[in-house]
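Structural characterization, general
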Amino acid sequence: MSPAILLFLALGLGLAGWLAARARAWTFRRDSANGRIASLPNYHAWYVALWIILPVLAFVALWSVIAPGLVGQSVLASPAAADLPDFGFQRQTILNEARAVATGAAPAVFNPQAAALVEPYREALSHYNLIGIAVTALIAFLGGTYAFLRLKPDFAARTKVERIVMAILLAASLVAILTTIGILASLVFETARFFGMVSPIDFLFGTHWGPDPMANPDNPDPTRYGAVPLFWGTLFIGAIIAMIVAIPLGLMSAIYLTQYANPTLRKWIKPTLEILAGVPTVVYGYFAALTIAPAIRDIALSLGASNPSTESALAAGLVMGVMIIPFVSSMADDSITAVPQAMRDGSLAMGATTSETIRRVLVPAALPGIVAGIMLAISRAIGETMIVVMAASTAANLSANPLDRMTTVTVQIVKMLTGEGSFDHPATLSAFALGFVLFMVTLGLNFIALSVVKRYREAYE
Amino acid sequence: MTVVHDNLEKTEAKMSAKGVSVFYGDKKAIDDVSIDIPTEYVTAFIGPSGCGKSTFLRTLNRMNDTIPTARVEGEIDLDGQDIYRSGMDVVQLRARVGMVFQKPNPFPKSIYDNIAYGPKIHGLAEGKDELDAIVEKSLKRAGLWEEVKDRLQDSGTALSGGQQQRLCIARAIAVDPEVILMDEPCSALDPIATAKIEELIAELSGRFAIVIVTHSMQQAARVSQRTAFFHLGKMVEYGRTSDIFTNPHEQRTQDYITGRYG
């Protein structure tokens, strides 16, 4: 018995309540002196329907969490479970097998001990399914009756429904926040395990990166876990090279589009630019690896560099910069457009030219939005993986030469998690520590971006 | 339609419009307006909403250029030279013909930088001392110096509405223009701030040719010596303010100032 059936039951009962309440509200309206009631019949209907559906949803969510536990307990209490092996892996396997057969997910049992448990499982399941349906129906009935009895000609169903809608929207926005907290919590746990094996100081300040997933996990070599080359690679590719490309180009295209382009041209260029943001990063990776990186190598050769690599931080950074242009440009565009026309008029009326107006009035006034766009672009760039894998290699390298191979935090996370090490090996766990650092950095950048926007938002007006 | 100019004593026109029409796309917003604007007086443009008085004001420093569909026909002279001739430098024109807008629009910069904006753009000051002097002089002329002298580095947008508008006037006079155009400068202000602006206009008149667009006939009567009445894109009557308000030639002017419509 899946929660889906309970959900359908809830919706059906909700619909019944909806229809009943609407019919009731129509009778109010017919009976009232002037044909008017405080709220439209539809609001009465929704009020009752929501009172049925929401409590049921809450119950279904709760039930789908606790029901498997209850079923398991009653199976264990059955006489057939007495000769199960004691706690451990084997016991769980047998239970799972019995459960799979009982629910119809598996055709037959493999383990003879499980065969005896199938029947108790089936019984427990149907027992608790019945309880589930009964409680669902009871809750729906209670909620519906309570709501239905409150209906009166002067009942303010409209305001009540409005308030419920608001609560639903609030819950929706909380989901994102709670998810963030959940992500952080899971990262923190694994990161703490990693830092139990390798000290944070070696990790944050060491300059050699080369975890060996095959080494003895109990005694990791801390000198192989220095993440500085990764931080540097991330910063160099994502925040320096990419931004040298993206900030000027993005800003200039935004200025052109908002201040100089005629409306027809703008109508074409802006969506085209935004298509760039929708290109999958793997495709950018091809472009970087097949076109840009060899071109850079050839140029470096012709300039006399000795033995340049076909993979370089420069290639990855340049392509990443192009990828980021729409982010910078679109945010800058929005915030320049949001500067009141009065500012522009005021400056032009002083005898300033268009470019003076842009430089001295519009860009300073739009700066919060522009800065926020750049911050978001940076956090997007340092979280980027595919382009780096394809164009800048996976070799950690602490170097200021943009023609060298380099790697970034995200690339190493992928490499460590998909490596040969067991899950609780420090090399694998290091991925969580890297992810944690990355998360904190992007969180910090977003936080700075938001506070910059907030602080200077009301600069004009 | 007769435009009455003949009751005016001969004055030298600072700006003079000859047969000016303005179009927005196909729509004619201003129809064949001719007017002389003298240096020594304040000229008021009055008329009901949508009569074209603001549009006409904006043609005087070519602010309509910023509207892509706007087109101007006819001739507007500044000191005898057509400002719509080809090769006219709009930047120079706007330095000579400044503008104050309906809603105060200080830049989101400090009070000092707001005033220093024009002088910097036009290179009017050599060095910090000279710039300081211009800022102080402009603020004094706009009657704002005493109120802001201790907080020149505060944001211009932190001032009250009336102070902001005087800041905008100070900003306009900082580049030492010859004409100042004011587009309903008091419509967003309370009566006390309005009185201060009107006082300021009286002080500035004579030094600058001032043209003010206003909705308020009382304001026109208080601050101006010349009044032009606009209606449906045409200039109906132009003359001494006292004549327009006490003894208008045109029935429509009479109707408007006595409150029959508008």
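As the structure is a prediction and not an experimental result, all values here were calculated from the model. (Residues numbered from 1 in each chain as written. Chains lettered and ligands numbered in written order. Predicted model: local features only at pLDDT ≥ 70, side-chain atom pairs only at ≥ 80, totals over all residues. Heavy atoms only, no water.)

Overview of the overall build of chain B
Operational definition: A run of H or I in DSSP counts as a helix once it spans at least four residues, and a run of E counts as a strand once it spans at least two, with each numbered from the N terminus. Two things to know: the radius of gyration comes from C-alpha atoms, and the globule rule equals 2.2 Å times the number of residues to the power 0.38. Per-residue accessibility, obtained with a 1.4 Å probe over protein chains only, is compared with the maximum for each type, and a residue is labelled buried under 20%, exposed over 50%, and partly exposed between these values. Here a residue-residue contact requires only that any non-hydrogen atoms of the pair lie within 4.5 Å. Only the protein chains shown count as cover for residues, with accessible areas throughout obtained via the Shrake-Rupley method and a probe of 1.4 Å. Counted as positive: Lys and Arg. Counted as negative: Asp and Glu, with His and the chain ends omitted from the count. Charge positions are represented by NZ for Lys, CZ for Arg, CG for Asp and CD for Glu.
Helix and strand content of chain B: ten helices and ten strands. The C-alpha atoms of chain B give 18 Å as radius of gyration, which agrees with the globular expectation for 262 residues (18 Å, within 12%). For the C-alpha atoms alone, the extent of chain B along its principal axes is close to 55 × 45 × 35 Å. Buried residues in chain B amount to 56% of all 262 residues. For chain B, long-range pairs separated by at least 24 residues make up 69% of all intrachain contacts whose partners lie at least 6 apart in sequence. With an accessible surface of roughly 11000 Å², chain B has 47% of that area assigned to carbon and sulfur atoms. If the 31 positive side-chain charges of chain B are averaged to one point and the 37 negative ones to another, these points end up 3 Å apart.

What about the overall build of chain A?
Helix and strand content of chain A: 15 helices and zero strands. Here chain A has a C-alpha radius of gyration of 31 Å; the compact-globule value for 461 residues is 23 Å, and the former is much larger. Principal axes of the C-alpha set define a box for chain A whose edges measure 80 × 75 × 35 Å. Counting all 461 residues of chain A, 41% fall into the buried class. Within chain A, contacts between residues at least 6 apart in sequence are counted, and of these 71% link residues at least 24 apart. By element, 69% of the accessible surface of chain A is carried by carbon and sulfur atoms, the whole surface being about 23800 Å². If the 28 positive side-chain charges of chain A are averaged to one point and the 26 negative ones to another, these points end up 16 Å apart.

Focus on the interface of chain B and chain A
Short version of the rule: When two parts are put together, the accessible area they lose, computed with a 1.4 Å probe and summed over both, is reported as buried area. When a carboxyl oxygen of Asp or Glu lies within 4 Å of a side-chain nitrogen of Lys or Arg, that pair is called a salt bridge. Whenever two N or O atoms come within 3.5 Å, that pair is a polar contact, provided that in protein one can donate a hydrogen and the other can accept it, and provided that, for residues adjacent in sequence, both atoms are side-chain atoms.
Listed as interface residues are 26 residues of chain B and, on the opposing side, 20 residues of chain A. Both sides of the chain B and chain A interface together cover about 1800 Å² of buried area, and 62% of this is carbon and sulfur. Contact with chain A buries area across many residues of chain B, yet Pro108, Tyr117 and Ile121 of chain B alone supply 28% of it, more than any other trio. Our enumeration of links across chain B and chain A arrives at zero salt bridges. For the pair chain B and chain A, the number of links is four residue pairs in polar contact (both at pLDDT 80 or more).

Topic: unusual backbone geometry
One non-glycine residue, aspartate 32 of chain B, adopts positive backbone phi at about 50°. Considering the arrangement of structural elements, one finds aspartate 32 of chain B in strand β2 (residues 27–38).

Let's talk about the sheet that holds strand β3 (residues 42–46) of chain B
Strand pairing in a sheet relies on backbone hydrogen bonds. The paired strands run either parallel or antiparallel. Residues and elements named next belong to chain B. Formally: In this scheme, strands are said to pair when DSSP sees at least two bridges between them. Note on definitions: angles span 0 to 180 degrees between N-to-C directions of axes, and those axes are lines fitted to C-alpha atoms, for helices only across the stretch in contact.
Spatially, six strands are ordered β6-β7-β8-β3-β9-β10 in an open sheet, and the strand pairing comes out mixed. For this open sheet the edge positions go to β6 (97–100) and β10 (234–240), each flanked by a neighbour on one side alone. The mean inter-strand angle of the sheet, taken between neighbouring strand axes irrespective of direction, is 15°. Of the strand pairs in this sheet, β3 and strand β8 (residues 209–213) are connected by four bridges, and their pairing is parallel. Bridging across to β8, phenylalanine 45 finds its partner in valine 213. On the sheet, helix α6 (residues 161–173) packs against β6 and β7 (179–183) and is oriented at approximately 170° with respect to β6.

Observations concerning the packing of aromatic side chains
Rule in force here: Only Phe, Tyr and Trp rings take part, Trp by its six-membered ring, and two of them pair if their centres are within 6.5 Å. Stacked means planes under 30 degrees apart, edge-to-face means over 60, and tilted covers everything else. Over a ring means this: the NZ of a Lys or the CZ of an Arg is within 6 Å of the ring centre and within 35 degrees of the ring normal.
Applying the stated rule across the entire model yields 17 aromatic pairs over all chains. Their ring planes at 65° and their centres at 5.6 Å tell us that phenylalanine 195 of chain A and phenylalanine 203 of chain A sit as a pair that is edge-to-face. Relative to phenylalanine 231 of chain A, the ring of phenylalanine 203 of chain A has its centre 6.2 Å away and its plane inclined at 90°; by these criteria the two rings are edge-to-face. Here phenylalanine 231 of chain A lies in helix α7 (residues 228–260) and phenylalanine 203 of chain A lies in helix α6 (residues 200–205), a separation of 28 residues in the sequence. Judged by relative accessible area, phenylalanine 231 of chain A falls into the partly exposed class, the value being 23%. Clustering of aromatic rings is evident, with ring pairs tying together Phe194, Phe195, Phe203, Trp209, Tyr225 and Phe231 of chain A. Between arginine 71 of chain B and the ring centre of phenylalanine 23 of chain B, over which it is positioned, the NZ or CZ distance is 4.4 Å. In this structure, arginine 171 of chain B is placed above the aromatic ring of phenylalanine 107 of chain B, and the distance from its NZ or CZ to the ring centre is 4.2 Å.

Some remarks on helix α4 (residues 112–150) of chain A
Two residues of an α-helix separated by three or four positions point the same way, owing to the 3.6 residues in each turn. Under the convention used in this document: A helix is expected to reach a length of 1.5 Å times the quantity of its residues less one. The angle separating two fitted axes, one through the seven residues that finish at a residue and one through the seven that start at it, defines the bend at that residue.
A rise of 1.5 Å per residue sets the reference length of α4 of chain A, with its 39 residues, at 57 Å; its end C-alpha atoms lie 58 Å apart and thus fit the reference within 8%. A maximum bend of about 30° is found in α4 of chain A at valine 118 of chain A, where proline proline 120 of chain A lies one to four positions downstream.

Quick look at the pairing of β7 of chain B
Residue and element names in this part refer to chain B. Heads up, the condition is: Consider the strands pointing away from the viewer: the crossover is right-handed when the path from the first strand over the helix to the second runs clockwise.
The element β7 is largely enclosed, with a buried count of five among its five residues. Both β6 and β7 contribute to a ladder of four bridges, which runs parallel. When the bridges of β7 are listed, valine 97 appears paired with valine 179. As paired elements, β7 and β8 share five bridges and run parallel to each other. Residue pairing across strands places valine 179 opposite alanine 209, the latter belonging to β8. Traced from β7 through helix α7 (residues 191–204) to β8, the parallel crossover comes out right-handed.

Some thoughts on a nonpolar patch on the surface
We apply this condition: Excluding any residue in a salt bridge, patches collect residues exceeding 30% relative accessible area, merging like charges within 9 Å and nonpolar Val, Leu, Ile, Met, Phe, Trp and Tyr side chains within 5 Å.
Residues Leu170, Leu174, Ile177, Leu178 and Ile181 of chain A make up a contiguous nonpolar surface patch of roughly 480 Å² in combined accessible area. Note on placement: leucine 174 of chain A falls in helix α5 (residues 157–197).

Focus: the state of the cysteines
Let me state the cut-off plainly: Our working definition of a disulfide is a cysteine sulfur pair at a distance within 2.5 Å.
Counted by the stated rule, this structure contains zero disulfides over all chains. The thiol sulfur of cysteine 168 of chain B is not disulfide-bonded, and the nearest other cysteine sulfur, from cysteine 186 of chain B, lies at 12 Å.

Concerning the environment of phenylalanine 203 of chain A
Residue and element names in this part refer to chain A. Relative accessible area serves as the criterion here: at 0%, phenylalanine 203 is assigned to the buried category. Expressed as a C-alpha distance, the spacing of phenylalanine 203 and valine 228, which sit 25 residues apart in the sequence, is 7.8 Å. Each residue touching phenylalanine 203, except ones within four places of it in the same chain, is listed here: Phe194, Phe195, Trp209, Tyr225, Gly226, Ala227, Val228, Phe231, Ala433, Leu434 and Val437.

Some details on the environment of alanine 242 of chain A
All names here are of chain A. By the element assignment, alanine 242 lies in helix α7. A relative accessible area of 0% places alanine 242 in the buried class. With 82 residues separating them along the chain, alanine 242 and lysine 160 place their C-alpha atoms 52 Å apart. Excluding its chain neighbours within four sequence positions, the residues that come into contact with alanine 242 are Ile237, Gly317, Met320 and Gly321.

So, helix α3 (residues 111–121) of chain B
Burial runs high along α3 of chain B: nine of the eleven residues are buried. Among all positions of α3 of chain B, only Ile111, Tyr112, Asn114, Ile115, Ala116, Tyr117, Gly118, Pro119 and Ile121 of chain B are buried. Looking at the buried residues of α3 of chain B, the elements they touch are α11 (341–349) and α12 (354–382) of chain A together with α4 (127–141), α5 (145–148) and α6 of chain B. Where α3 of chain B terminates, the next one or two residues include glycine 123 of chain B, which has phi positive at roughly 60°.

Brief notes about the pattern of salt bridges
All told, the structure shown has 23 salt bridges over all chains when counted by the stated rule. For aspartate 31 of chain B, the salt bridge identified is with lysine 28 of chain B, shortest N-O distance 3.2 Å. Accessibility expressed as a relative area gives 21% for aspartate 31 of chain B, which makes it partly exposed. Where salt bridges share partners, they join Arg266, Lys270, Glu274 and Asp333 of chain A into one cluster.

Thoughts on the confidence of the model for chain B
Spelled out, the test is: Known as pLDDT, the predictor's confidence for each residue is given on a scale from 0 to 100.
For chain B, the average pLDDT comes to 90, and 95% of its residues sit at 70 or higher. Here the predicted complex scores 0.73 on pTM and 0.89 on ipTM.

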